[in-house]
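# What the coordinates show
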Amino acid sequence: MGLPVIQPSRVTVMIKPVGALCNLDCHYCYYLPTKTIYDGHQHRMSLDTLESIYASVLPRFHDDVTIAWQGGEPTLAGLPFFRRALEYQKKYARPSQRIHHALQTNGTLLDDEWCKFLHDNEFLIGLSVDGPPRFHDHYRLTNRGTGSSDHVLRGMRLLQKHAVEYNILCVLNDINVHHPDEVMGYLLNLGSRWLQFIPAIEWEKHPTEQGHNVLAAYSPQPADYGKFLCRAFDLWFEKYRKRVSVRIFDAVLNKLVLGQMPFCILDGACHNQLTIEHDGAVFGCDHFVERRWQLAQIGESDWRNNIGVDGSVATGLTIHGDGYQKLDSHDGRDIDGTADFDRKYAPQDAESEPQESEPRGVSPRSMEEQIQTKLAPGAAGADSHALSLPPSAGDAGWYDRIDEPRLGSFAVRKQDLPAKCKACQWKPYCHGGCPKHREHGGDVPEPTILCESYMMFYEHAMPRLNWLAGFLRQNRQPPDPEPARQPPAAVAAGGGGGDAEAGNAGTPRNPGTPGVLVGAAVGEAEANRQGLGDTRSLRAKPHAAAAAPGRNDPCPCGSGLKFKKCHGRNH
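Residues numbered from 1 in each chain as written. Predicted model: local features only at pLDDT ≥ 70, side-chain atom pairs only at ≥ 80, totals over all residues. Heavy atoms only, no water.

Now for the overall build of the protein. When you go through the protein residue by residue, the secondary structure sums to 15 helices and 12 strands. Burial statistics for the protein: of 571 residues in total, 60% are counted as buried. In the protein, the share of contacts with a sequence separation of at least 24, taken over all contacts with a separation of at least 6, comes to 74%. A total accessible area of about 22,700 Å² is found for the protein, and carbon and sulfur atoms account for 50% of it. (Helix = DSSP H or I, 4+ residues; strand = E, 2+ residues; numbered from the N terminus. Buried < 20%, exposed > 50% of the residue type's maximum accessible area, 1.4 Å probe, protein only. Contact = heavy atoms within 4.5 Å. Areas by Shrake-Rupley, 256 points an atom, 1.4 Å probe, with all protein chains shown as cover.)

For the rest of this paragraph, the subject is the pattern of salt bridges. Close approach of charged atoms allows side chains of opposite charge to pair. Following the criterion strictly, the structure yields 18 salt bridges and no others. Note that Glu 202 is salt-bridged to Lys 436, the shortest N-O span being 2.7 Å. One end of the pair, Glu 202, is in the loop between strand 6 (194-199) and strand 7 (203-205); the other, Lys 436, is in the loop between helix 12 (419-422) and helix 13 (451-472), with 234 residues separating them in the sequence. Asp 480 is paired through a salt bridge with Lys 242; the nearest N and O atoms lie 2.9 Å apart. (Salt bridge = Lys/Arg side-chain N within 4 Å of Asp/Glu carboxyl O.)

We now examine the pairing of strand 4 (residues 123-128). Counting buried positions along strand 4 yields six of six residues, so the element is predominantly enclosed. Of the two faces of strand 4, the one holding Phe 123, Ile 125 and Leu 127 and the one holding Leu 124, Gly 126 and Ser 128 are both buried throughout. Pairing analysis gives five bridges linking strand 3 (residues 98-105) to strand 4, with the strands arranged parallel. Along strand 4, the bridge assignment pairs Ala 102 with Leu 124. For the segment spanning strand 3, helix 3 (residues 112-120) and strand 4, crossover handedness is right-handed. Sheet analysis places strand 4 next to strand 5 (residues 166-172), joined by four bridges and oriented parallel. (Pairing = 2+ DSSP bridges. Right-handed = clockwise from strand over helix to strand, strands pointing away.)

Right, let's get into the packing of helix 7 (residues 222-240) against helix 8 (residues 247-258). Axes are the key here: two packed helices are described by the angle between their axes and the distance separating the axes. In the contact formed by helix 7 and helix 8, the axes pass within 10 Å of each other and the chain directions differ by 80°. Relative to helix 8, the element helix 7 is oriented roughly perpendicular. Between helix 7 and helix 8, the contacting residues are Leu 229, Ala 232, Phe 233 and Trp 236 on the first element and Ile 248, Phe 249, Asp 250 and Leu 253 on the second. The residue inventory of the contact of helix 7 with helix 8, partitioned by class, reads seven nonpolar, no polar and one charged. (Axes fitted to C-alpha atoms, helices over the stretch in contact; angles between N-to-C directions. Parallel < 35°, antiparallel > 145°, perpendicular 65-115°, else oblique. Nonpolar A, V, L, I, M, F, W, Y, C, P; charged D, E, K, R; others polar.)

Once that is clear, we can look at helix 1 (residues 47-57). Across the 11 residues that make up helix 1, a large majority, 10, are buried. Within helix 1, burial applies to Leu 47, Thr 49, Leu 50, Glu 51, Ser 52, Ile 53, Tyr 54, Ala 55, Ser 56 and Val 57.

Turning next to the state of the cysteines. For the coordinates displayed, the defined rule picks out zero disulfides. Cysteine Cys 421 remains unbridged, with the sulfur of Cys 451 as its closest cysteine sulfur at 5.8 Å. Note on Cys 421: relative accessible area 10%, which makes it buried. (Disulfide = S-S within 2.5 Å.)

On to the environment of Ile 67. Within the secondary structure, Ile 67 sits in strand 2 (residues 64-69). Taking C-alpha positions, Ile 67 is 5.0 Å from His 101, a pair spaced 34 residues apart along the chain. Ile 67 has contacts with Val 13, Ile 15, Tyr 54, Ile 99, His 100, His 101 and Ala 102, leaving out every residue within four places of it along the chain.

Before going further, it helps to spend a moment on the pairing of strand 1 (residues 12-15). Of the two faces of strand 1, the one holding Thr 12 and Met 14 and the one holding Val 13 and Ile 15 are both buried throughout. Across four bridges, the pairing between strand 1 and strand 2 is parallel. Following the sheet pairing, Met 14 is matched in strand 2 by Ala 68. Pairing of strand 1 with strand 10 (residues 273-276) involves four bridges; the strand directions are parallel.

We now examine the environment of Phe 263. Examined against the element boundaries, Phe 263 turns out to sit in the loop between helix 8 and strand 10. When the C-alpha atoms of Phe 263 and Val 252 are compared, they prove to be 8.5 Å apart, with 11 residues separating the residues in sequence.

With the rule as written, the count across this model stands at 26 aromatic pairs. Where Phe 233 meets Phe 249, the ring centres are 5.2 Å apart and the plane angle is 90°; that geometry is what we call edge-to-face. With Phe 233 in helix 7 and Phe 249 in helix 8, this residue pair connects regions lying 16 residues apart in the sequence. According to the relative accessible area criterion, Phe 233 is buried, its value standing at 0%. Phe 249 sits in the buried class, given a relative accessible area of 1%. Taken together through their ring pairs, the aromatic side chains of Phe 233, Trp 236, Phe 237, Phe 249, Trp 426, Tyr 429, Phe 457, Tyr 458, Trp 467 and Phe 471 make up a single cluster. Over the ring of Phe 237 we find Arg 464; its NZ or CZ atom is 5.3 Å from the centre of that ring. (Phe/Tyr/Trp six-rings, centres within 6.5 Å; stacked < 30°, edge-to-face > 60°. Lys NZ or Arg CZ within 6 Å of the ring centre and 35° of its normal.)

The next point concerns the sheet that holds strand 4. Spatially, 9-6-5-4-3-2-1-10-11-12 is the arrangement adopted by the 10 strands of the open sheet, whose pairing is mixed. What marks the edges here is a single partner per strand, and that holds for strand 9 (245-246) and strand 12 (296-297). Contacting strand 5, strand 6 and strand 9, helix 6 (residues 180-189) runs over the sheet at an angle of about 145° to strand 6. Each of strand 5, strand 6 and strand 9 touches helix 7; the most contacted strand, strand 6, lies at about 170° to it.

On to the packing of helix 3 against helix 5 (residues 149-161), then. Between helix 3 and helix 5, the shortest axis-to-axis distance is 9 Å and the interhelical angle comes to 45°. With respect to their mutual orientation, helix 3 and helix 5 come out oblique. Considering only the axes of helix 3 and helix 5, their crossing is right-handed. Note on element contacts: helix 5 touches helix 3 through Leu 158, Leu 159 and Lys 161, opposite Asp 112, Cys 115 and Leu 118. Residues that form the contact of helix 3 with helix 5 fall into these classes: four nonpolar, no polar and two charged. (Left-handed = near helix turned anticlockwise from the far one by under 90°.)

A few words on helix 3. For helix 3, the full list of buried residues reads Trp 114, Cys 115, Phe 117 and Leu 118. For helix 3, the angular spread of buried residues about the axis comes to 160°, placing them on one side. One side-chain oxygen of the residue at the start of helix 3 lies 3.2 Å from the amide nitrogen of Glu 113, identifying that residue as Asp 111. Of the residues one or two after helix 3, Glu 122 is the one with positive phi, at around 55°. (Arc of directions from axis to C-beta. Polar contact = N/O pair within 3.5 Å; in protein donor to acceptor, adjacent residues only side chain to side chain.)

In this model, the protein carries a mean pLDDT of 76, and residues with pLDDT of at least 70 account for 66%. Counting interchain partners and residues more than four positions distant, the pLDDT-below-50 stretch residues 348-391 has 64 contacts. (pLDDT = per-residue confidence, 0-100.)

Structural data, given as structure tokens:
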């Protein structure tokens, strides 16, 4: 198709170690239906599959590799599983490679041991918080049907205690989307410096029109999402832009300044991610875990996908097709923590019960034996080991078996747009949005349901974004904003100005202290820590006359990060 759909320097590898299983029962969860396409009871990725990922990816990828861990709730896989992943990383990484880990979590299962591990291994954490408890607990419930906000905040305090870098992902729904002041103020008061807002756009069958879909009741209306973005932008531009990163704003700035769009839903093709399910099935995106879009199967060298990309062969469940099943038809609601997961959903073929902290089906002794036999001394570090992988590496060739024509079809299908989109002035900053946000999932030419949202936002914000970009292209720090102009009346009406709590919500309590990382992108698992789309070096350049700080001193740009993790990272 003429499109380099696999670019190792940019691809994020997303791993789903427990599939869609989770200890929460969020009503808007987009991923839960994927459980029904899998056979069998096991829902933890095997160690052979885990090793095969590293054995195939690291020798073939460039020096910067991003691995994103998602679910479901990925921490249900257990800490020993993640320790094993880092052992495989050491085995297969080249000396010059830098592997960045991003993990999206609800935060409820974190403890001191987890947070020490995350800090010591420099994991970037995406923490899901939908605003104040009265918003968060409306849809983000435990499997017992109770609110989860107290558990999430406990996990957040542990992340802060151990200085783990994190950002906050806020899912916007039909409730919190009407309160941008309160939501943004609350998140900033939690100490977050890096925010991303994701609309809960999910589809249900139209009640009367066959072949058509309608937005789920919990999804925000496009106009309301547009108003939220406009108000959030006003707050960011006028008060917080020098010390707070909001992902969509930074992404558009990156496009204006560097010509690259690091936010996949606004990019021109879907080719920057590989999603690997717990059973080794490989897809191009976790929003399209459908058999017709499966690209490879780890562990099965003769696997071929005989399903047409038009779905011409019956595929069972597809997220956007007729097989969509309602949330209440799925299992997994009996999980409160790792012990429940081990007992009910981990492998069942063990001769003896494992310790609660170990993956079920692998005793502490047998796990140690695997380390002895699988992790050969000195395996890591040889640049030539891509050509001579040890026999114990599992399926090290799955990456070369990826169905590239199918991936090419998947990558460019979002470009199939109606005439109104092709003629739109905002197309370079939208490209029709995410195919998931289209009524038929990208199978027919149609605009995103968020077309009105994006047009409203770009018309409102683009003059000021262009003003900022003019300074950033010259590596200059933009001056403080002039007195804020009043937003259009329609936007102001949706800005939540009447919220009782909004009066003090706009100013974070400790604006200079949070130690988290810019460029979040973990919520859809598109974290990009490879130098693409990172505008902080443009937005806040240190003054040349400043004395050189120490590696662990605060960066003089005012980001709140240590110098070694900001402008000193290349020194």
